[in-house]
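Here's the letter readout for the chains.
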Amino acid sequence: MEEETEWEREIAHKEEKRKPQEKMEKAEEIRPENDDSLMNNSMQPKLSSDEILLTIPANIIEEEREVHVPHSSTENSMSLSRASIIFDTIEHPDDWGAINSGQSDRSGVLRRGSYIYPWPEKELTNFALRIVIMEKAASGIGLLTFIWATVVLLGGFASTLKTIDFVFITIIIFMVGTGIFNRNHKLDSRFFFQATKAISSTIGKNLTILQFSFAIICITFSVMRLVEHIYGEDLYTTNMKVALYIFYVMALVHAALFLLKKAYWFWRVSYHKIIHNVSGEFGFGVSGVLLVQRFFYETYWQLSKGSVFSALDLDIIAFAQGLLASNSHKDQLIAVRILNNTISHEKYSEETRRRLETSIETIGRLFNMLTWKYQEDSTIRIIAAKIVERLASDLLVKHIPGGMDCIHSLLTVNPEDLNENIAKLNLIGLNILKRLAGNPKNCWMIKETRGLLSMIIVFTKYKDDRIHSPYNLKLVKRSLILLTKITSTKGKTGKILRRHVSDIASTVSNLRDILINEGTKQKLLILAVETLTALSVDTDGRKKIGRTSGVIKVLLSIFLQLSHTNYKCKLRVRAGGLLAILVLQNKRNCSELFDLEGVVEKLIKILHVVNSDVRIQSWDENELYKIMAMRILRNLRAYAGRKWHDKLKEVVDALPWVLGAILSTKNYDELLEACTELCVQICKFTSIKEYDEIIRNAGYSMIDVAKMLLNILKENKAPNNLIPRLRRSAIELAIWMMESYDPFISYFKAGELGDVLTQVAETTSDFENFQLFSGDIGLAKHPKTISSLLLKAKKLLA
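Residues numbered from 1 in each chain as written. Predicted model: local features only at pLDDT ≥ 70, side-chain atom pairs only at ≥ 80, totals over all residues. Heavy atoms only, no water.

## Points about the overall build of the protein
Turning to step 1, where the next piece is worked out: Assigned secondary structure in the protein consists of 40 helices and four strands.
Turning to step 2, where the next piece is worked out: Accessible area of the protein: about 35,500 Å², with a carbon and sulfur share of 54%. (Helix = DSSP H or I, 4+ residues; strand = E, 2+ residues; numbered from the N terminus. Areas by Shrake-Rupley, 256 points an atom, 1.4 Å probe, with all protein chains shown as cover.)

## Quick word on helix α23 (residues 491-503)
Turning to step 1, where the next piece is worked out: Between its terminal C-alpha atoms α23 stretches 19 Å, which fits the 18 Å expected from 13 residues at 1.5 Å a residue.
Turning to step 2, where the next piece is worked out: Within the sequence span of α23, burial applies to Gly-491, Gly-494, Leu-497, Arg-498, Val-501 and Ser-502. Down the axis of α23, the buried side of the element spans an arc of 125°, and every buried residue falls inside it. (Expected span 1.5 Å × (residues − 1). Buried < 20%, exposed > 50% of the residue type's maximum accessible area, 1.4 Å probe, protein only. Arc of directions from axis to C-beta.)

## Some remarks on the environment of Ala-149
Turning to step 1, where the next piece is worked out: Checked against the element boundaries, Ala-149 lands in helix α6 (residues 121-156).
Turning to step 2, where the next piece is worked out: On a C-alpha basis, the gap between Ala-149 and Phe-247 in space is 6.8 Å, while along the polypeptide they are 98 residues apart.

## With respect to the pattern of salt bridges
Turning to step 1, where the next piece is worked out: In the structure shown here, the tally under the stated rule is 28 salt bridges.
Turning to step 2, where the next piece is worked out: Between Asp-394 and Arg-353 there is a salt bridge, and its shortest N-O distance comes to 2.3 Å. Placement of Asp-394 in the loop between α17 (378-391) and α18 (403-408) and of Arg-353 in helix α15 (residues 349-357) is noted, with a sequence separation of 41 residues between them.
Turning to step 3, where the next piece is worked out: Of the residues examined, Asp-394 reaches a relative accessible area of 48% and is grouped as partly exposed. (Salt bridge = Lys/Arg side-chain N within 4 Å of Asp/Glu carboxyl O.)

## Let's talk about helix α34 (residues 669-684)
Turning to step 1, where the next piece is worked out: Here α34 spans 23 Å end to end across 16 residues, near enough to the 22 Å set by a 1.5 Å rise per residue.
Turning to step 2, where the next piece is worked out: For α34, a buried count of 13 out of 16 residues is recorded, marking the element as mostly surrounded by other parts of the structure.

## So, the side chain of His-329
Turning to step 1, where the next piece is worked out: Turning to its location among the elements, His-329 is positioned in helix α14 (residues 329-344).
Turning to step 2, where the next piece is worked out: Judged by relative accessible area, which is 3%, His-329 ranks as buried.
Turning to step 3, where the next piece is worked out: One polar contact links His-329 to Asp-377, side chain to side chain, over a distance of 3.3 Å. (Polar contact = N/O pair within 3.5 Å; in protein donor to acceptor, adjacent residues only side chain to side chain.)

## Side note on unusual backbone geometry
Turning to step 1, where the next piece is worked out: Unusually for a residue other than glycine, Gln-585 sits at a positive phi of about 55°.
Turning to step 2, where the next piece is worked out: Within the secondary structure, Gln-585 sits in the loop between α28 (566-582) and α29 (587-594).
Turning to step 3, where the next piece is worked out: Accessibility expressed as a relative area gives 31% for Gln-585, which makes it partly exposed.
Turning to step 4, where the next piece is worked out: Despite not being glycine, Ala-780 has its phi angle at roughly 55°, a positive value.
Turning to step 5, where the next piece is worked out: The buried category is assigned to Ala-780, whose relative accessible area is 14%.

## Structural notes on the pairing of strand β3 (residues 770-774)
Turning to step 1, where the next piece is worked out: Burial runs high along β3: four of the five residues are buried.
Turning to step 2, where the next piece is worked out: As paired elements, β3 and strand β4 (residues 777-781) share four bridges and run antiparallel to each other. Following the sheet pairing, Phe-770 is matched in β4 by Lys-781. (Pairing = 2+ DSSP bridges.)

## Some words on the environment of Gly-142
Turning to step 1, where the next piece is worked out: On the secondary structure map, Gly-142 appears in helix α6.
Turning to step 2, where the next piece is worked out: Along the sequence, Gly-142 and Met-175 sit 33 residues apart, while their C-alpha atoms lie 9.6 Å from each other.
Turning to step 3, where the next piece is worked out: Among all residues touching Gly-142, those that are not within four sequence positions of it are Val-176 and His-254. (Contact = heavy atoms within 4.5 Å.)

## Structural notes on the packing of helix α33 (residues 655-663) against helix α35 (residues 688-697)
Turning to step 1, where the next piece is worked out: α35 packs onto α33 with a crossing angle of 70° between their chain directions and a minimal axis gap of 9 Å. Taken together, α33 and α35 sit at an angle that is classed as roughly perpendicular. The crossing of α33 and α35 is right-handed. The segment α33 lies against α35, with Leu-655, Pro-656 and Leu-659 engaging Tyr-691, Ile-694 and Ile-695.
Turning to step 2, where the next piece is worked out: The class makeup of the residues in the contact of α33 with α35 is six nonpolar, no polar and no charged. (Axes fitted to C-alpha atoms, helices over the stretch in contact; angles between N-to-C directions. Parallel < 35°, antiparallel > 145°, perpendicular 65-115°, else oblique. Left-handed = near helix turned anticlockwise from the far one by under 90°. Nonpolar A, V, L, I, M, F, W, Y, C, P; charged D, E, K, R; others polar.)

## Comments concerning the packing of helix α24 (residues 506-516) against helix α25 (residues 522-536)
Turning to step 1, where the next piece is worked out: Taken N-terminus to C-terminus, the directions of α24 and α25 make an angle of 145°; their axes are 9 Å apart at the nearest point. Regarding α24 and α25, the two cross each other, and that crossing is left-handed. Mapping the contact onto sequence places Thr-507, Val-508, Leu-511, Ile-514 and Leu-515 in α24 and Leu-524, Leu-525, Ala-528, Val-529, Thr-531, Leu-532 and Leu-535 in α25.
Turning to step 2, where the next piece is worked out: When grouped by side-chain class, the residues that make up the contact of α24 with α25 number ten nonpolar, two polar and no charged.

## Concerning a nonpolar patch on the surface
Turning to step 1, where the next piece is worked out: Residues Leu-143, Phe-146, Ile-147 and Val-151 make up a contiguous nonpolar surface patch of about 360 Å² in total accessible area.
Turning to step 2, where the next piece is worked out: For Ile-147, the position within the fold is in helix α6.
Turning to step 3, where the next piece is worked out: Residue class for Ile-147 comes out partly exposed when judged on its relative accessible area of 40%. (Patch = residues over 30% accessible without salt bridge, like charges linked within 9 Å, V, L, I, M, F, W, Y side chains within 5 Å.)

## A closer look at the packing of aromatic side chains
Turning to step 1, where the next piece is worked out: Under the definition given, this model contains 19 aromatic pairs.
Turning to step 2, where the next piece is worked out: Look at Tyr-297 and Tyr-300: their rings are 6.3 Å apart centre to centre, the planes differ by 80°, and that puts the pair in the edge-to-face class. Taken together, the residues Tyr-297 and Tyr-300, both in helix α12 (residues 288-305) and three residues apart, mark about one turn of the helix.
Turning to step 3, where the next piece is worked out: One aromatic cluster is present, formed by Phe-127, Tyr-264, Trp-265, Trp-267, Phe-296, Tyr-297 and Tyr-300 through successive ring pairs.
Turning to step 4, where the next piece is worked out: A cation over an aromatic ring shows up here: Arg-268 above the ring of Trp-267, its NZ or CZ 5.9 Å from the ring centre.
Turning to step 5, where the next piece is worked out: Sitting over the ring of Tyr-625, Arg-572 keeps its end group 3.9 Å from the ring centre. (Phe/Tyr/Trp six-rings, centres within 6.5 Å; stacked < 30°, edge-to-face > 60°. Lys NZ or Arg CZ within 6 Å of the ring centre and 35° of its normal.)

## Regarding the nonpolar core
Turning to step 1, where the next piece is worked out: Val-336, Leu-433, Leu-593, Tyr-691, Ile-731 and Phe-748 are the most contacted members of the largest nonpolar core, which has 201 residues in total.
Turning to step 2, where the next piece is worked out: Apart from residues lying up to four places away in sequence, Ile-731 is in contact with Leu-713, Leu-757, Val-760, Ile-786, Leu-789, Leu-790 and Ala-793. (Core = buried A, V, L, I, M, F, W, Y, C linked by side-chain atoms within 4.5 Å.)

## Let's talk about the confidence of the model for the protein
Turning to step 1, where the next piece is worked out: On average, residues of the protein score 77 in pLDDT, and 77% of them are at 70 or above.
Turning to step 2, where the next piece is worked out: Every residue in residues 109-116 scores below 50 in pLDDT, and together they form 15 contacts with partners more than four places removed in sequence or on other chains.
Turning to step 3, where the next piece is worked out: For residues 184-197, every residue scores under 50 in pLDDT, and the model assigns this stretch 38 contacts once sequence neighbours within four places are set aside. (pLDDT = per-residue confidence, 0-100.)

## Observations concerning the state of the cysteines
Turning to step 1, where the next piece is worked out: Scanning the model with the defined rule gives zero disulfides in all.
Turning to step 2, where the next piece is worked out: Cys-679 carries a free sulfur, and the closest cysteine sulfur to it, the one in Cys-683, is 4.0 Å from it.
Turning to step 3, where the next piece is worked out: On the accessibility criterion, Cys-679 (0% relative accessible area) is buried. (Disulfide = S-S within 2.5 Å.)

## Structural notes on the environment of Leu-633
Turning to step 1, where the next piece is worked out: By the secondary structure assignment, Leu-633 is in helix α31 (residues 619-639).
Turning to step 2, where the next piece is worked out: Leu-633 sits 44 residues away from Glu-677 along the chain, and the two C-alpha atoms are 10.0 Å apart.
Turning to step 3, where the next piece is worked out: Beyond its immediate sequence surroundings of up to four residues, Leu-633 is in contact with Val-600, Leu-603, Ile-604, Leu-607, Val-651 and Leu-678.

Here you go:
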């Protein structure tokens, strides 16, 4: 609990750094200080109403539905509630309100290796910053102009002003005072937030015409009077002339700044199409222009209300995180669309993942969205699931309250009754679990979540009448991948997980049905064999697999068939490896295999196959088949029991080939280990005379074998994890030779076997006492330890 608390504190501290320095005002007092309708019209994406309907889900166009999502910031709540109303007038995004998008700890660039990727929205933020600076400058000059006119000119010189100056000054301060060509205050009203497209568009155009007219009038009046006062008759006192000069210059600059801002806006938005370019950089597509537009106006509003220096910390990820905290269904849809696009983008994925992973609040909201069941929530639910899928590899679910139950909610449907949306959720849910399963702690949480393992097993059910359904095939494949990953978990956690999986009654039977179905894809067959292999490393797992009729038979059939493709070669090797494990320390499974006709002869035949006799992909694959065949024969000899001794006598026929492989210098270690192990088991059931005769008939001598054993022990002075049983099998074979024929004691003494065994004894590891392993935990222990074998060999040499 202490670790979890510290972890949460650390994340909370990081989140605190991202909070904006200035608090938002209450929603009732907030008015977007957006620019004029020219900005509105030039910013609009060229989409017809039908195109907009195609790019935005139908449920967004309907009346807004409030969804309760817990959030931490009252200011965010109020501003986002207002923003949801603004979104209704999509043709006038400058009427949208803003949210407190928070501060970012990034500089606006993404570093990947030696290359630096600029974040596209930084260009938008800089553009908004310049517009706001011009607006603030114009506002400041306008205010000063108004004060100067009312206090200095009209207040101090009203009685001495010429009529024309009095009229011009009055008109100018009226225009400046009403702010008619500074901001669209009329369009800021809540009425126009909810106005129809036609009304708002008409008012915007009319107001734009009015603004330009007033700006031109202001410039014209100012220039006229400045020229008159400079070159005309001097009718005023010096102080009065200076006051008039200052007023007209300020009025001229104020109107000029307005026109400059308009020109700059048109140049960047209509000519350079900055919004469309940024949308393209993010890969948002056509409808994504509306998302980028929304971000721009939120940024513009925040810069207008606060400090212009806050632009350095504005970014689209924080903007989406803020929208995610809204109670508005539409705002949440915008948020998940933005996050899904950035986290899926090659350039911006890493930074997006980092930002989201360090926000407990955001992760919690995304997981909460996975549980939404209403039909109108399906789009948000699917997109949120895709985001969680991207994050899953690095998540620890125990830190997310109810996290695994949220994922489980994606799977709690009948896989027999699928529609497209349900199938997508099932597939994403299984993929989320697959990525989470890379961490043993998450695997433990999967086990602890009631009914989740059983649901995963349900999706492994494969039937003939379902093979034409692409969704069902994908579900079976993905559930098998997940099951393989869970059952392959290392250590004690893996042992408990495998026991729980094998305890589910339908697990092995579902995997068997996949293997025996003729229409099964090769990839599914490989996954089914890999899952059974993972389950078989435990004693209980081997028993349950053996008790399921048909499994051993179909595995042997797969192993004995000729291979023509890469997939079939892999499948054959894996099937042989699984058979070798199933008969390990299990008499019942050995009996199951012996009940199949001619099994020993067929396995021995594999050892004698020449490479050119079979159409295989490589020499290595042919040798792998032989290794698997030898391991099966070795385990049959070791664990079948006396009942099958007669059938096992035929294994002696393989001895010449086995000895030839041991004495060959061209073989690699795994083949040498398999040959030595099988040779030990054959010798235990063979007399020294029969052994000597077989060797001589094969063209070898027993001295050659003794030399080879000495070389194996000298070359392997330390345990090798890849061939953990090679040294002990070499020692066992040397012991059998010394016990069976005394002259070999003298030979091994002359070969300094005693010194070699001393070196081996100094490097022995408990690792060499096991036949199977799960991570660093040994399974299927040998009846005799390697230390006891070394002691016995030394006594024979004494």
